[in-house]
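# Secondary and tertiary structure notes
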Amino acid sequence: MMASLQPDRDGARPLGRARHCDELVRRGPRPEERAEIVSDWRRDLARRLAGELAELLPGDRLSVTVSEPELLRGADLLARIGPVAANSLLRCGDAERTALLSFDCANAIALTDRSFGGDGDIAQVAGPAEGEPLPRSAALLIDRVAAIVARALAEGADQGVPASGPAAAPGAAGVVLRSESAARLKPFAPDAPCVALAIGIANQEGREWEARLGLAEKVFDAILPGSGARGPARRPNTAPARGEDAPFGAIPLPLEGVLAEFELSLARLERLAPGDAIALAVPGELPLRIGERVVGWGRIGTVGESMALRLTRVPAATPASSPSASRKDFAA
C-alpha cells in the first residue's frame, strides 16, 4: 500500500511535531560567558563568607578572597592537602553535591586563637604533636566554619534557577563527615577531574588564614548559578533512605562513647599539670555519638577481656531503630 501526504486547505503540507532530547538541545555558556559566571560566583561567595565568618571573630572586619579555580586530578588535589589536616565533607544542597573543605593544622589553630581574642599569628602557633588530634576547641571552630561554607555554596547555587527542576532546598546543606584524612572522606574519585580553590581570610590587622576547597568538576558546574550545566530533572526518590545505601553506605564513621563531660575555666586549664586529679560524675547511661549527634545510649560492661557499651536506647530516627538494637554490644 502506498501512502501519500495530502495537502491541507491552504495547499501546504502538514508539519510533524518535532520532539527534541533535552540533553541534545541544552547548550552551555560560551567560554567568555562562563568566565563571567565564575567571576561573579567567586565575588558573591567571598562577600557572603566575609559577613558570616565575622560572627566567629568578634571585633574583626574580615575580607575574604576566593581564588581562580584550578583543574586537577582528584589524587593530585588530595596530595596537596596532605595526610593530616582538618577536613570536612560538605553537602551543598543536592545530596550528590559534595565538596571538601580543608584547613591545615596551623591555620586551624591560629584561627581558633584569634576567635578567643589572641593574635591569630600562624608563625607563633605550635601545631599538635605527631599522632595527636587537633585540639577540641579548634575542631569545633572549623566545624562551624565548614557549616557556613556549605550553606554559602548551596545558597549561591540556588540564586540561579536550574534548567529543568527546582532549586535544592536551602536547608539541605551542612557538614556530612569530618576526618584528619581527606582521602578517607572519599570526596571524589582519584582519577576524576576536580576543581581546587583557595579561600583566603584576612582581618584588618593583617592576619591571614587559608583553607582549600575541592569539588568534582561536575559538582562545580552544578553549583554555578545560571551556568546551564545542570542535569535534567529527576523523579523524586520516595523510598526511605537507609544507612547502607550508596553513596555513603561504605564510609566508616568514627563513633565515640562519652564517659563524662565537664567544664574548666581557662585559668584552671592553663594550670593543669601531670598528677592533677579531676573528679568525674559518670552517668548511668553514656551517650554514643557521631560528632555532636547522639545516636544511642548505653551502659558500660565487658565483652571478653574488652570494655564494651551495651546499648539501652536508640533514637527512632537512626537506621538502628529495630527492636534488636536495644541489646547491641559495641566493644570499646
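Since this is a predicted model, take the numbers as computed values, not measurements. The residue numbers shown here count from 1 along each chain, following its written sequence. Thresholds applied to this predicted model are a pLDDT of at least 70 for local features of residues and 80 or more for the giving and counting of side-chain atom pairs; totals over whole chains, interfaces and linings are not thresholded and use all residues. Excluding hydrogens and water, the side-chain values take into account all heavy atoms of the structure.

Only buried residues count toward a nonpolar core. Its members are Ala, Val, Leu, Ile, Met, Phe, Trp, Tyr and Cys residues joined through side-chain atoms within 4.5 Å. Here the term buried applies to any residue with accessible area under 20% of the maximum for its type, exposed to any over 50%, and partly exposed to those in between, with areas from a 1.4 Å probe on protein chains only. Residues Leu49, Leu53, Leu101, Phe103, Val145 and Leu153 are the most contacted members of the largest nonpolar core, which totals 63 residues. With 11 residues, the single largest contributor to this core is helix 5 (residues 136-158). Working rule for contacts: check all heavy atoms of both residues, and any pair within 4.5 Å makes them a contact. With sequence-adjacent residues up to four places away left out, leucine 53 is seen in contact with Leu62, Val64, Val145, Ile148 and Ile201. If you look at the next biggest cluster of nonpolar residues, it comprises five residues, including Leu286, Val295, Leu309 and Leu311. Elements are defined by DSSP. Helices are runs of H or I of four residues or more, strands are runs of E of two residues or more, and each kind is numbered from the N terminus.

Moving on, we come to the pattern of salt bridges. What makes a salt bridge here is a side-chain nitrogen of Lys or Arg within 4 Å of a carboxyl oxygen of Asp or Glu, nothing more. Per the counting criterion, the structure on display carries 16 salt bridges. Here arginine 80 makes a salt bridge to glutamate 70, at a shortest N to O gap of 2.8 Å. Placement of arginine 80 in helix 3 (residues 74-81) and of glutamate 70 in strand 2 (residues 70-73) is noted, with a sequence separation of 10 residues between them. For glutamate 70, a relative accessible area of 34% gives the class partly exposed. For aspartate 191, the salt bridge is made with arginine 73, and the minimal N-O distance between the two is 3.0 Å. With aspartate 191 in the loop between helix 6 (182-185) and strand 6 (193-202) and arginine 73 in strand 2, the pair connects residues that are 118 residues apart, well separated along the chain. Taking relative accessible area as the criterion, aspartate 191 reaches 60% and is therefore assigned exposed. Its relative accessible area of 37% is what places arginine 73 among the partly exposed residues. Here the residues in one salt-bridge network are Asp40, Arg43, Asp44 and Arg47, joined through shared partners.

With that settled, consider the packing of aromatic side chains. Any Phe, Tyr or Trp ring, taking Trp's six-membered ring, that has another such ring centre within 6.5 Å forms a pair; planes under 30 degrees apart are called stacked, those over 60 apart edge-to-face, and the others tilted. Per the stated rule, a full pass over the model turns up one aromatic pair. Considering the side-chain rings of tryptophan 41 and phenylalanine 220, the 5.3 Å spacing of their centres and the 85 degrees angle between planes classify their relative orientation as edge-to-face. Of this pair, tryptophan 41 sits in helix 2 (residues 31-53) while phenylalanine 220 sits in helix 7 (residues 217-223), and the two are 179 residues apart along the sequence. On the basis of relative accessibility, which here comes to 1%, the residue phenylalanine 220 falls in the buried class. Positioned above the aromatic ring of tryptophan 297 is the side chain of arginine 313, whose terminal nitrogen or guanidinium carbon lies 4.2 Å from the ring centre. Put simply, a charge is over a ring when the Lys NZ or the Arg CZ is close to the ring centre, within 6 Å, and near the line of the ring normal, within 35 degrees.

Despite not being glycine, lysine 186 has its phi angle at roughly 50 degrees, a positive value. With respect to the helices, strands and loops of the structure, lysine 186 is situated in the loop between helix 6 and strand 6. With a relative accessible area of 55%, lysine 186 lands in the exposed category.

One turn of the α-helix equals 3.6 residues, which is why residues spaced by three or four share an orientation. Listed in full, the buried residues belonging to helix 3 are Gly74, Leu77, Leu78 and Ile81. Relative to the axis of helix 3, the buried residues are bounded by an arc of 100 degrees and lie together on one face. Next to the buried residues of helix 3 lie strand 2, strand 3 (86-92), strand 4 (98-103), helix 6, strand 6 and strand 7 (208-216). Two residues or fewer after helix 3 comes glycine 82, characterised by a positive phi angle close to 95 degrees. The arc in question is traced by the directions running from the helix axis to the C-beta atoms.

Residue-level confidence of the predictor is summarised by pLDDT, bounded by 0 at the bottom and 100 at the top. In this model, the chain carries a mean pLDDT of 78, and residues with pLDDT of at least 70 account for 74%. Note that residues 1-20 has pLDDT below 50 and, in this model, four contacts with residues that lie over four places away or in other chains.

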